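Single-letter residue listing:
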Amino acid sequence: MRNHTTHYYLSTAEFSAKDCARYVREHWHIENRLHYVLDQSLGEDAARIRRNPGVVAALRHFALNLMRFNGEQCIAAALYDNALCLDNALNYKGIR
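Residues numbered from 1 in each chain as written. Predicted model: local features only at pLDDT ≥ 70, side-chain atom pairs only at ≥ 80, totals over all residues. Heavy atoms only, no water.

Enquirer: Mind showing me how you'd approach the pattern of salt bridges here?
Expert: Charged atoms that come close allow side chains of opposite charge to pair. Enumeration over the complete set of coordinates arrives at 3 salt bridges. The partner of Glu26 in a salt bridge is Arg22, with the nearest N and O atoms 3.3 Å apart. Taken together, the positions of Glu26 and Arg22, both in helix H1 (residues 17–40) and 4 residues apart, correspond to about one turn of that helix. Under the relative-accessibility criterion, Arg22 is labelled partly exposed at 36%. For Arg60, the salt bridge is made with Glu44, and the minimal N-O distance between the two is 3.8 Å. (Salt bridge = Lys/Arg side-chain N within 4 Å of Asp/Glu carboxyl O. Helix = DSSP H or I, 4+ residues; strand = E, 2+ residues; numbered from the N terminus. Buried < 20%, exposed > 50% of the residue type's maximum accessible area, 1.4 Å probe, protein only.)

Right under this line is the structure:
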């Protein structure tokens, strides 16, 4: 027997339960694709930057977007490869 829980959501728009489920999945897709990678691979939550943290956050987002634009699937492996050889990072499309 499956264990079911009931969740309630408030919205200013009227939509079906199927649409609501899709919206929730889309939200978690963003969470898992962006925020999880920023935290786990780029250590965003562990950063102790006190001056201009927005600049460093923008650089992290730029690096992540650049790697994704160039088809990198595993960001952690791409970071490791780029740390070993800077030429790999400088050869990405969009750098020069």
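Enquirer: Is there a simple way to explain the packing of H1 against helix H2 (residues 53–69) in this structure?
Expert: Geometrically, a packed helix pair is captured by the angle between its two axes and the distance between the axes. With their axes 11 Å apart at the nearest point, H1 and H2 run at an angle of 120° to one another. As summarised for this structure, H1 and H2 are arranged oblique, according to the angle between their axes. Seen from above, H1 lies across H2 with right-handed handedness. Residue-level inspection shows Arg33, Leu34, Val37 and Leu38 of H1 in contact with H2, the latter providing Arg60, His61, Leu64 and Arg68. (Axes fitted to C-alpha atoms, helices over the stretch in contact; angles between N-to-C directions. Parallel < 35°, antiparallel > 145°, perpendicular 65-115°, else oblique. Left-handed = near helix turned anticlockwise from the far one by under 90°. Contact = heavy atoms within 4.5 Å.)

Enquirer: Would you take a moment to explain the side chain of Asn82 for this structure?
Expert: With respect to the helices and strands, Asn82 occurs in helix H3 (residues 75–84). For Asn82, a relative accessible area of 14% gives the class buried. With residues near it in sequence (within four places) discarded, Asn82 still touches Met67, Asn88, Ala89 and Tyr92.

Enquirer: I'm lost on the packing of aromatic side chains in this one. Help?
Expert: Each aromatic ring pair is specified by the distance between its two centres and by the angle formed by the two planes. This model, assessed by the stated rule, comprises 1 aromatic pair. When the ring of Phe15 is compared with that of Tyr23, the centres are 5.2 Å apart and the planes differ by 85°; the resulting orientation is edge-to-face. The partly exposed category is assigned to Phe15, whose relative accessible area is 33%. Using a relative accessible area of 37% as the deciding quantity, one classes Tyr23 as partly exposed. When the ring centre of Phe69 is taken as origin, the NZ or CZ atom of Lys93, which lies over that ring, is 6.0 Å away. (Phe/Tyr/Trp six-rings, centres within 6.5 Å; stacked < 30°, edge-to-face > 60°. Lys NZ or Arg CZ within 6 Å of the ring centre and 35° of its normal.)

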